[in-house]
Amino acid sequence: MTTLTTQMSFLLLLLLSIFTFHKTMSTTDHAIVSCNEKDREILLIFKEGINDSYGRISTWTTENNCCAWEGIHCDNITGRVTRLELSNNFEEEQPKYLKELQLRGCKLNNFILNPSIKYMNLSSLITLNLSFNNFTSHSPHSFFNLTKDITYLDLSDSNIQGEIPSSLLSLRNLRHLDLSYNKLQGSIPDEIGQLAHIQKLYLSSNNFSGEISKITFSKLNRLNSLDLSSSNVVFQFDFDWVPPFQLSSLVLSQTNQGPNFPSWIYTQKSLEYFDLSSSGISLVDRNKFSSVIQGISILYLSNNSISVDISNLTLRGIYLELDHNNFTGKLPIISPMARFVDLSYNSFSGSIPNTWNNLKELSYINLWSNRLSGEVSMDLSSSSLDYINLGKNDFFGTIPINLTQNLQVIILRAIKFEGNIPSQLFNLSYLYHLDLAHNKLSGSIPKCVNNLTHMVTFNVKSRCMGVVFELFTKGQDYYMYTIGPDRRTIDLSSNNFSGDLPSELFELVQVQTLNLSHNDFTGTIPKTIGGMKNMESLDLSSNKLYGEIPQSMILLNFLEYLNLSNNNLKGKIPIGSQLQSFNASSYIENPNLCGAPLNNCTTKEESPKTATPSRENEDDDSIKESLYLGMGVGFAVGFWGICGSLFLIRKWRHAYFQFVDGLGDKLYVTLMVKLNSFHRN
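Residues numbered from 1 in each chain as written. Predicted model: local features only at pLDDT ≥ 70, side-chain atom pairs only at ≥ 80, totals over all residues. Heavy atoms only, no water.

(A) Representation of the overall build of the protein in the model. Helices and strands together make up the secondary structure of the protein, namely six helices and 41 strands. Every one of the 681 residues in the protein was classed for burial, and the buried ones make up 43%. The contacts in the protein between residues at least 6 apart in sequence include a share of 46% that link residues at least 24 apart. Carbon and sulfur atoms provide 53% of the accessible area of the protein, an area that totals close to 35900 Å². (Helix = DSSP H or I, 4+ residues; strand = E, 2+ residues; numbered from the N terminus. Buried < 20%, exposed > 50% of the residue type's maximum accessible area, 1.4 Å probe, protein only. Contact = heavy atoms within 4.5 Å. Areas by Shrake-Rupley, 256 points an atom, 1.4 Å probe, with all protein chains shown as cover.)

Okay, here's the thing in structure tokens:
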């Protein structure tokens with residue numbers, strides 16, 4: 001039977017191997033792979049522009065799988081077209097007048113052209129996109145001689161090195177030139193100023209050096225978009241220079257512009273997109289500055305030192321990033337169309353304007369670290385808010401309850417809020433980050449805490465991308481960039497919360513950071529904590545928790561930070577590689593707690609007097625003493641109540657001894673009868 005079973009298993013294995021081999025061999029046949037629909041459409045459009053008099057690409061029809069077409073090679077898994085082999089397929093006397101060539105992200109690695117390219121006339125090319133490739137060779141000067149009439153040229157993010165070729169600057173019909181995110185060196189040539197038709201010029205994120213002056217832009221009167229960000233060039237513009245253009249988009253982030261705001265920018269009245277972040281600006285002309293920024297739709301001024309009162313402004317921007325400056329005065333009026341507002345790390349004061357109640361489109365608001373005060377009376381119930389950060393201000397009162405159901409991130413840290421946590425806060429099914437630390441909140445945690453669905457179920461769909469904020473976890477604070485819904489956090493530390501830890505809290509099994517430290521929580525740590533297997537940082541220190549550490553905590557395999565210190569925990573620390581990996585500081589100030597990494601439990605048991613009794617133990621001892629004392633008194637009273645009467649009353653004493661003698665006689669007679677019966681049997 002065993003032999004038969006073995007033979008059958010071997011036969012099944014052999015059949016499976018043959019089937020797998022057949023599948024593998026089948027995938028090598030490009031006709032089997034399903035062609036990508038988008039690639040097929042592009043190839044058919046390409047075919048229409050080719051004079052194929054000899055029918056060499058006659059297989060390119062809609063009836064056939066494009067991966068089976070002549071000269072087409074597809075990826076065996078994705079079905080995307082990876083290579084075209086059409087060399088020598090077309091007649092030399094039939095030149096092709098190609099007008100548009102899109103080769104974005106095609107893994108090209110050099111500018112050397114195949115000899116067969118001579119049959120294609122690139123002099124009529126209007127659009128050329130070679131972006132997101134990886135050119136390992138310098139661009140030859142002769143390359144751009146092939147494209148005299150080109151108007152659109154995109155070579156961004158393609159690892160291009162060396163200086164800007166002079167032949168490129170002879171393309172006088174250029175309207176769009178993008179050389180950003182490469183490794184171009186040297187100075188930006190003044191010849192760019194001769195491209196009189198240029199409208200969009202992007203030169204950011206290269207290794208340019210030297211100076212740039214008004215000569216470079218002297219004839220660019222059609223320019224409307226300019227990006228020179230992340231550049232080491234020195235900007236040498238006269239204070240009274242007036243450019244010949246009016247820009248709609250200007251990006252000068254991470255350039256050395258300061259300390260004065262560039263005066264020529266004050267002349268730009270049509271700006272819709274403006275990025276001057278991280279550029280060392282500290283001094284501005286208040287009136288001119290206000291006139292420029294208040295009408296810009298997308299405004300980035302982050303990480304400067306601008307100190308000016310803008311409280312009288314109405315900012316019409318949709319995206320406003322003015323963080324990490326020194327703006328003063330009250331908060332400005334914000335457009336009802338605003339979606340993203342970051343005014344953090346400034347010196348704004350006063351309360352939140354009533355006009356902010358009308359921000360129905362707002363999805364992100366960050367006021368962290370200002371000098372704002374007053375009660376927060378914003379009605380956010382009908383907004384599109386995903387993220388709110390009001391932390392590190394002087395607000396007071398209670399947590400606002402008019403909150404939209406869309407909220408994903410709530411940071412109300414380091415304010416002066418009082419009262420209980422409103423239960424409405426735990427009905428936000430998309431919430432994945434809740435920080436109420438360092439307030440004056442009190443009461444217990446509502447049992448409806450497990451309504452935070454996104455912290456219970458892994459596959460809950462998120463409404464938006466991750467955001468950037470300061471995350472406090474693992475006993476320290478640090479910046480985390482682009483934190484998304486897969487990072488779940490609850491921080492209620494440094495408040496006045498009390499009561500037992502609700503078991504519902506530990507049903508939030510997707511939480512990675514939980515901080516309840518520095519409160520007045522009592523009771524035991526629920527055994528269900530072992531189900532929070534994604535936990536990375538747990539801080540329950542400085543509370544009044546008692547009892548033993550649950551054995552289930554050894555299941556928290558991802559735990560990187562643990563602090564249970566300064567409680568009334570007792571017993572032996574559960575043995576498991578995770579809990580023993582922390583040092584003693586994670587467990588100290590729990591007098592009756594023992595086991596590695598603390599002292600050995602045997603030592604604790606042999607010398608119990610060395611341990612300072614906790615308040616809970618003192619209470620237990622006093623209860624036991626009272627119980628024993630009561631039992632002793634009761635026994636004494638009962639004993640002397642009966643026995644004393646026997647000794648003091650003669651009649652009772654005689655009756656007692658007569659009862660005992662009679663009971664003894666009856667027991668003796670009964671015993672003898674049973675023994676005789678046993679012997680007879």
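(B) View of helix 3 (residues 286–293). Within the span of helix 3, buried status applies to F289, S290, V292 and I293. What you see down the axis of helix 3 is that its buried residues fit within an arc of 165°, all on one side. For helix 3, the elements touching its buried residues are strand 17 (298–300) and strand 18 (314–315). (Arc of directions from axis to C-beta.)

(C) View of the nonpolar core. With 130 residues, the main nonpolar core has L153, F217, F274, W356 and I410 as its most contacted residues. Not counting the four nearest positions on each side in its chain, I410 is found in contact with I388, L403, L425, L428, L431, H433, L434 and D435. If you look at the next biggest cluster of nonpolar residues, it comprises eleven residues, including L44, W60, C67 and W69. (Core = buried A, V, L, I, M, F, W, Y, C linked by side-chain atoms within 4.5 Å.)

(D) Highlighting the sheet that holds strand 40 (residues 568–572). Reading across from one edge, 38-40-41 is the order of the three strands in this open sheet, with parallel pairing throughout. The open sheet has two edge strands, strand 38 (546–548) and strand 41 (592–594), and neither has a second partner. Shown here is a sheet whose adjacent strand axes are inclined to one another by a mean of 30°, direction ignored. Summarising the sheet, strand 40 and strand 41 pair through three bridges and their orientation is parallel. What sits directly across from K570, in strand 41, is N592. (Pairing = 2+ DSSP bridges. Axes fitted to C-alpha atoms, helices over the stretch in contact; angles between N-to-C directions.)

(E) Main features of the sheet that holds strand 24 (residues 371–375). Read from one edge to the other, the open sheet built from seven strands follows the order 22-24-26-28-30-34-36, with strand pairing classed as parallel. The open sheet has two edge strands, strand 22 (349–350) and strand 36 (520–522), and neither has a second partner. Relative to strand 36, strand 34 (residues 496–500) runs parallel, the two sharing three bridges. Bridging across to strand 36, D500 finds its partner in T522.

(F) Region of interest: the pairing of strand 28 (residues 416–419). In the sheet, strand 26 (residues 394–397) pairs with strand 28 via two bridges, with the strands oriented parallel. Bridging across to strand 28, F396 finds its partner in K416. In terms of strand pairing, strand 28 meets strand 30 (residues 440–443) through two bridges, oriented parallel. From the neighbouring strand, G419 faces strand 30, where its bridge partner is L441.

(G) Up close: the pattern of salt bridges. According to the stated counting rule, one finds six salt bridges in the structure shown. The closest approach of N and O atoms between R80 and D39, which form a salt bridge, is 2.8 Å. With R80 in the loop between strand 1 (72–74) and strand 2 (81–84) and D39 in helix 2 (residues 37–48), this residue pair connects regions lying 41 residues apart in the sequence. Ionic contacts of the salt-bridge type, sharing partners, join the residues R413, D435 and D491 into one network. (Salt bridge = Lys/Arg side-chain N within 4 Å of Asp/Glu carboxyl O.)

(H) Quick look at the environment of D154. Position of D154 among the secondary structure elements: in strand 7 (residues 152–154). The exposure class of D154 is buried, given its relative accessible area of 7%. Sequence-wise, D154 and H176 are 22 residues apart; in three dimensions their C-alpha atoms are separated by 7.6 Å. D154 has contacts with L128, N129, L130, S131 and D178, leaving out every residue within four places of it along the chain. A polar atom in the side chain of D154 sits 2.8 Å from the side chain of S156. (Polar contact = N/O pair within 3.5 Å; in protein donor to acceptor, adjacent residues only side chain to side chain.)

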